[in-house]
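# Residue-level structural notes
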Amino acid sequence: MTECTKKLKELIEDTIFPDIEDAIDDVFEAIANNKKPSKEQEEMLKEMNEMREDFQEILEDINNDKLEEDECKELLQEITQMIKEMESE
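Report follows, based on the coordinates.

Thresholds applied
- Residues numbered from 1 in each chain as written.
- Predicted model: local features only at pLDDT ≥ 70, side-chain atom pairs only at ≥ 80, totals over all residues.
- Heavy atoms only, no water.
- Helix = DSSP H or I, 4+ residues; strand = E, 2+ residues; numbered from the N terminus.
- Contact = heavy atoms within 4.5 Å.
- Salt bridge = Lys/Arg side-chain N within 4 Å of Asp/Glu carboxyl O.
- Buried < 20%, exposed > 50% of the residue type's maximum accessible area, 1.4 Å probe, protein only.
- Expected span 1.5 Å × (residues − 1).
- Arc of directions from axis to C-beta.
- 1 Å grid on protein atoms, 1.4 Å probe; cavity = no way out; pocket = protein on both sides within 12 Å on 5 of 7 lines; lining within 4 Å.
- Points joined across faces, edges and corners; volume = space filled by probe spheres on them.
- Nonpolar A, V, L, I, M, F, W, Y, C, P; charged D, E, K, R; others polar.

## As for the side chain of Thr5
On the secondary structure map, Thr5 appears in helix α1 (residues 3-34). Setting aside residues no more than four positions away along its own chain, Thr5 makes contact with Ile62, Leu67 and Cys72.

## Looking at the pattern of salt bridges
Under the criterion given, the structure shown has 1 salt bridge. Residues Arg52 and Glu21 are paired through a salt bridge, measuring 2.6 Å at the closest nitrogen-oxygen approach. Of this pair, Arg52 sits in helix α2 (residues 39-63) while Glu21 sits in helix α1; the two residues are 31 residues apart in sequence, bridging distant segments of the chain. According to the relative accessible area criterion, Arg52 is partly exposed, its value standing at 28%. Relative accessible area serves as the criterion here: at 30%, Glu21 is assigned to the partly exposed category.

## What to know about helix α3 (residues 69-88)
In an α-helix, one full turn covers 3.6 residues, which means residues spaced three or four apart are oriented alike. With 20 residues, α3 extends 29 Å between its outermost C-alpha atoms, agreeing within 8% with the 28 Å of an ideal straight helix rising 1.5 Å per residue. Looking at α3, one finds that the buried residues are Cys72, Leu75, Leu76, Ile79 and Ile83. Burial along α3 is one-sided: seen end-on, the buried residues are contained in an arc of 100°. Seen from the buried face of α3, the exposed residues on the opposite side, beyond 90 degrees, are Asp70, Lys73, Gln77, Lys84 and Ser88. Looking at the packing, one finds that the buried side of α3 touches α1 and α2.

## Some remarks on the layout of surface pockets
Computed from the structure, the largest pocket encloses a volume of approximately 190 Å³. Forming the boundary of the largest pocket are Thr15, Ile16, Asp19, Ile20, Ala23, Met48, Met51, Met82, Ile83, Met86 and Glu87. Mapped onto the lining of the largest pocket, the elements with two or more residues apiece are α1, α2 and α3. Looking at the lining of the largest pocket residue by residue, the class counts come to 8 nonpolar, 1 polar and 2 charged.

The following block contains the structure:
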């Protein structure tokens, strides 16, 4: 495992997955309070689940040593940028 894949794996497991789970929990809590999901909440759940699946696939590629170094660097950069943008909002 390269340094890039180690960093990417840690970022996904330690930051991305917990953030996704928190967002999903927040939506479920809002749904529970309203008794019925809004279209926006349904769409948010769908997007969060798709995102979780995408990151799970990346983890599988890392664990199976199928992630190329250049792809790893690109993903790491994109995810880091996404986190910075979300934190600044």
